[in-house]
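Residue-level structural notes
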Amino acid sequence: MMRNFILGTDWWTDCDDAVAVRILARAHKSGKICINGIGVNACMEYSAASLDGFLNTEGVKDIPIGIDLCGTDFGGKPLYQKNLVKYALNYKSNNDAEDAVTLYRRILSQSKHSIEIVEIGYLQVISAVLESKPDDISEKSGIELIADKVTKIWIMAGKWDEPYGKENNFARNARSRIAGNTFCKKCPVPITFLGWEVGNDVITGDNLDKNDILYQILSDHGSPNGRMSWDPMLALMAIIGDENEAGYDTVCGTASVNSETGENNFIPCSNGRHKYVKKRRENQYYREIINKLIK
């Protein structure tokens, strides 16, 4: 049975998002999964056009893009964004993209199938979906839509190898801290977190041909010899669909985020709805799989 996804990404300063999007786009193109839509949760001038351009170079031209136009408070202006705009087909500016919360609600309300959400960015969009009220798209609230249609959420966020860890996707700014707190409290479906400590020592993208557009993205970012693999590892785990099969042990319990500091905490519990993963294999194992997928 085809598995259906919504992808959320902070398609902005870092380049590991691009590595992850390549992995997901190739899985979509091959028919292994179906990406129903992509929500961009960090907004700069070229966000929608550059993502559209990259998807076009990957041979994927049918995925709707939504964007949070208020997500301008995360900082940075990477060169790769501007350089991808020339490949755009469907989205010439951010105004061509649907509001990200509207995109999520529309996909969830219209889908005849269950949905999984892969989030490799900030959480203000999905938190806003959770807090959304009935509207002309659906008579259901956001919590009801997610409870009805979403079976699992896969998230790259947090630092789980120490008490009160602190990581960018939760702690970047006031909005991300509040969003992380809201999400952990209100999300009604199972969540698996892949934390900073998992991907930080796994370097991928160092095997790319210099004519590859992904190599250019990494080079524009300042990472021509590869980048940490937070987002690619999360994307691959979600595609496999099973943490153990993907090479991870899990710790079950309840996650929380401090809305003022962005620190995350975890209370272990055998029947908890939240999990975070720990690598079961050496770094080289994950590196080789990802590099093979993106080559």
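Notes on the structure in this doc start here. (Residues numbered from 1 in each chain as written. Predicted model: local features only at pLDDT ≥ 70, side-chain atom pairs only at ≥ 80, totals over all residues. Heavy atoms only, no water.)

Quick notes on helix α1 (residues 16–29)
Residues that lie three or four places apart on an α-helix share one face, since the helix turns once every 3.6 residues. Across its 14 residues, α1 extends 20 Å between first and last C-alpha, which sits within 8% of the 20 Å expected from 1.5 Å per residue. In terms of residue burial, α1 counts as a mostly covered element, since 12 of its 14 residues are buried. Two residues or fewer after α1 comes Gly31, characterised by a positive phi angle close to 85 degrees. (Helix = DSSP H or I, 4+ residues; strand = E, 2+ residues; numbered from the N terminus. Expected span 1.5 Å × (residues − 1). Buried < 20%, exposed > 50% of the residue type's maximum accessible area, 1.4 Å probe, protein only.)

Overview of the packing of aromatic side chains
This structure, assessed with the given rule, holds 10 aromatic pairs. On the numbers, 5.9 Å between centres and 10 degrees between planes, the contact of Trp160 with Tyr276 is stacked. Placement of the pair is Trp160 in the loop between β6 (150–156) and α7 (168–171) and Tyr276 in strand β12 (residues 274–279), with a sequence separation of 116 residues. Here Tyr276 falls in the buried class, since its relative accessible area comes to 13%. Members of the aromatic cluster, joined through ring pairs, are Trp160, Phe170, Phe193, Phe266 and Tyr276. Between the NZ or CZ atom of Arg281 and the centre of the ring of Tyr285, over which it lies, the distance is 4.2 Å. (Phe/Tyr/Trp six-rings, centres within 6.5 Å; stacked < 30°, edge-to-face > 60°. Lys NZ or Arg CZ within 6 Å of the ring centre and 35° of its normal.)

Here's the deal with the sheet that holds strand β1 (residues 3–9)
Spatial strand order, β4-β3-β2-β1-β5-β6-β7-β12-β10-β11: 10 strands in an open sheet with mixed pairing. Across the chains shown, the open sheet's two edge strands, defined by having one partner strand only, are β4 (98–99) and β11 (264–268). Alignment of strand β7 (residues 191–194) against β12, held across 3 bridges, turns out to be parallel. Considered in β12, the bridge of Thr192 is made with Lys275. Sheet strands touched by helix α8 (residues 174–186): β6, β7, β10 (248–257) and β12. Its angle to β10, the strand with the most contacts, is close to 110 degrees. (Pairing = 2+ DSSP bridges. Contact = heavy atoms within 4.5 Å. Axes fitted to C-alpha atoms, helices over the stretch in contact; angles between N-to-C directions.)

A look at the pairing of strand β5 (residues 115–119)
For β5, the buried fraction is high: 5 of the 5 residues fall into the buried class. The alternating pattern of β5 places Ile115, Ile117 and Glu119 and Glu116 and Val118 on opposite faces, both of which are buried. Bridge analysis of β1 against β5 gives 5 bridges, and the strand direction is parallel. Across the sheet, residue Ile6 finds its bridge partner in β5, namely Ile117. Pairing geometry for β5 and β6, over 5 bridges, is parallel. Note on β6: the bridge partner recorded for Glu119 is Ile155.

Remarks on the packing of helix α11 (residues 230–240) against helix α12 (residues 283–294)
The contact between α11 and α12 brings their axes to 11 Å, and the two run at 80 degrees. In terms of axis orientation, α11 runs roughly perpendicular to α12. Contact residues: Pro232, Met233 and Leu236 in α11; Tyr286, Ile289, Ile290 and Leu293 in α12. (Parallel < 35°, antiparallel > 145°, perpendicular 65-115°, else oblique.)

With respect to unusual backbone geometry
Positive phi outside glycine occurs at Tyr164, with the angle close to 55 degrees. With respect to the helices, strands and loops of the structure, Tyr164 is situated in the loop between β6 and α7.

A short note on the nonpolar core
Counting 56 residues, the largest nonpolar core has Trp11, Phe54, Leu194, Leu214 and Tyr248 as the members making the most contacts within it. With sequence-adjacent residues up to four places away left out, Trp11 is seen in contact with Asp17, Ala18, Val21, Val40, Ala42, Ser47, Ser50, Leu51, Phe54, Tyr80, Gln81 and Leu84. Of all hydrophobic cores here, the second largest spans 34 residues; its members include Ile6, Phe183, Cys184 and Tyr276. (Core = buried A, V, L, I, M, F, W, Y, C linked by side-chain atoms within 4.5 Å.)

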